[in-house]
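Listed here are the chains, written in short residue letters.
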Amino acid sequence: MPSTVHAALIETLKRHFVLRNSRLETLAVLIVALVQGRTVNLSHVASRFPGAAQHGSNYRRLQRFFQSIRLDQAVVAQLVVRMLNLSRPKCLALDRTNWKVGCKDINILMLAIVTRRFRVPLLWAVIDHQGSSNTGQRIELTRRYLSLFGAASIELLLADREVIGADWVKFLMENKVPFAIRVKQGQCVALADGRLWTIKSLLRRRRRKSRSLTTFEASLPDASTALSFAAKWIDGRKGQQGEWLIVMTNSPNAKAAISAYKDRWAVECLFADTKTRGFDMEDTRMTAPDKIDTLTAILAIAVTWAYRCATRTMGLKAIKRKVHGRREKSWFRTGLDALRAWITFAPQNAVRAWQNQFPKRFKIP
């Protein structure tokens, strides 16, 4: 590993993480190894330590790091926002990713920034059970965000159909968080006259035509505040049946909310970036929630570095589109490919991308 890259990481990270030098060195090795090896497997990472220590010694060093070190999510979140210059209001996506390690379920509820170019983890909670998150877990995660950045920093909070519930909606409304949440056709709502209907019944006589849009006002049965709903018919692919895309929002412009909802898909792309298309997160053998928490923090830093490299590589240019209309590469993959090459062949470029306007020490509320 080039010593210049190693030293640059240590010099900047020690401003924000209270770790002794040996721990900082291990953290720097982890970040660079994730980028170069594109895997979180500690056995592979252990082979990338500088020096003459044996592989087994390096592996035990990594194990001790994850046993004892917890990186403050608040610090990581501040670093991500400052390094990517995301000071203006932005869209957030709340979603969950899960996989299995043997018989053990790994389940992470993640709040991520999604912009036209960037999709990066911001805050997360490792859930100690299978299936969907509950209202308390979602509220706790959102409260942590609000304590750091405030509701004014959120342009729109996007979430899928499993993120629903009257108490959850009340919390968002009370804290003035704008949201666009997809709901199921079977969701029961109350109209202005107090009658309860399922959304499917309300849409029964609507035209099922591609791009047709329907809006209406209603409230959840246990939440008295009126909300706006927008429904758009989506034609199915060959041999598949179409369906309604239904979005619930507290924004006065339901049409704009359903149009913005398409950006929620970026969080699915983020999960792919941290897994098969990037750092192969599912290759970890760790299952303890505290260790997964630390690993996710390291991944967030590595993803941010890759995006900074993409910005340095592309500037204001857009990535070219192929004949079928899609981009040649994602912004993340552009940055990751550049970063991997720079670490090996042009370490000064990797260091510049990392250190340029790196945030100074700051206090967390």
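Only a predicted model underlies this, so the values are computations on that prediction, with no experimental measurement involved.

## Let's talk about the packing of aromatic side chains
Next up, step 1: One pass over the structure, following the stated rule, counts 10 aromatic pairs.
Next up, step 2: Ring centres 5.6 Å apart and planes at 80° place the aromatic pair phenylalanine 65 and phenylalanine 66 in the edge-to-face group.
Next up, step 3: When the centroid spacing of 5.0 Å and the interplanar angle of 40° are considered together, the rings of tyrosine 145 and phenylalanine 149 count as tilted. Here phenylalanine 149 and tyrosine 145 lie together in helix H6 (residues 135–149), a separation of 4 residues that amounts to about one turn.

## Topic: the pattern of salt bridges
Next up, step 1: Under the definition given, this model contains 16 salt bridges.
Next up, step 2: Here arginine 182 makes a salt bridge to glutamate 243, at a shortest N to O gap of 3.5 Å. Remark: glutamate 243 occurs in strand S10 (residues 243–249) and arginine 182 occurs in strand S5 (residues 179–182); sequence separation between them is 61 residues.
Next up, step 3: You can call glutamate 243 partly exposed: its relative accessible area is 34%.
Next up, step 4: The shortest N-O distance in the salt bridge between aspartate 273 and arginine 277 comes to 3.7 Å.
Next up, step 5: A residue is classified by how much of its surface remains accessible, and aspartate 273, at 1% relative accessible area, is buried.
Next up, step 6: Classification of arginine 277 by relative accessible area gives partly exposed; the value is 37%.
Next up, step 7: By sharing partners, the salt bridges in this structure join Asp95, Arg264 and Glu268 into a single network.

## Details of the sheet that holds strand S8 (residues 213–218)
Next up, step 1: Spatial strand order, S3-S2-S1-S4-S5-S10-S9-S8: 8 strands in an open sheet with mixed pairing. Whereas interior strands pair on both sides, the edge strands pair on one side only; in this sheet they are strand S3 (119–127) and S8. Strand after strand, the sheet turns through a mean of 25° between neighbouring axes, direction not considered.
Next up, step 2: Bridge analysis of S5 against S10 gives 3 bridges, and the strand direction is antiparallel. By the bridge assignment for S10, alanine 180 is matched with threonine 249.
Next up, step 3: With respect to the sheet, H6 is in contact with strand S1 (90–101), strand S2 (104–114), S3 and strand S4 (154–159), its orientation differing from that of S3 by roughly 135°.
Next up, step 4: Running over the sheet, helix H11 (residues 289–314) touches S2 and S3 and is turned about 180° from S3.

## Observations concerning the packing of helix H2 (residues 21–37) against H11
When two helices pack together, their arrangement is given by the angle between the helix axes and by the axis-to-axis distance.
Next up, step 1: Interaxial distance between H2 and H11 falls to 10 Å at its minimum, and their mutual angle equals 60°. With respect to their mutual orientation, H2 and H11 come out oblique. The way H2 lies across H11 gives a crossing that is right-handed. Along the contact surface, H2 presents Leu27, Leu30, Ile31, Val32, Leu34 and Val35, while H11 presents Ile298, Leu299, Ile301, Ala302 and Trp305.

## Notes on unusual backbone geometry
Next up, step 1: Here arginine 38, not a glycine, exhibits a phi torsion of approximately 50°, which is positive.
Next up, step 2: The residue arginine 38 is located in the loop between H2 and helix H3 (42–45) in this model.
Next up, step 3: Residues other than glycine seldom take positive phi values, yet lysine 176 does so here, at roughly 60°.
Next up, step 4: With respect to the secondary-structure elements, lysine 176 resides in the loop between helix H7 (166–174) and S5.
Next up, step 5: For lysine 176, a relative accessible area of 67% corresponds to the exposed category.

Thresholds, definitions, all that
- Residues numbered from 1 in each chain as written.
- Predicted model: local features only at pLDDT ≥ 70, side-chain atom pairs only at ≥ 80, totals over all residues.
- Heavy atoms only, no water.
- Phe/Tyr/Trp six-rings, centres within 6.5 Å; stacked < 30°, edge-to-face > 60°.
- Helix = DSSP H or I, 4+ residues; strand = E, 2+ residues; numbered from the N terminus.
- Salt bridge = Lys/Arg side-chain N within 4 Å of Asp/Glu carboxyl O.
- Buried < 20%, exposed > 50% of the residue type's maximum accessible area, 1.4 Å probe, protein only.
- Pairing = 2+ DSSP bridges.
- Axes fitted to C-alpha atoms, helices over the stretch in contact; angles between N-to-C directions.
- Contact = heavy atoms within 4.5 Å.
- Parallel < 35°, antiparallel > 145°, perpendicular 65-115°, else oblique.
- Left-handed = near helix turned anticlockwise from the far one by under 90°.

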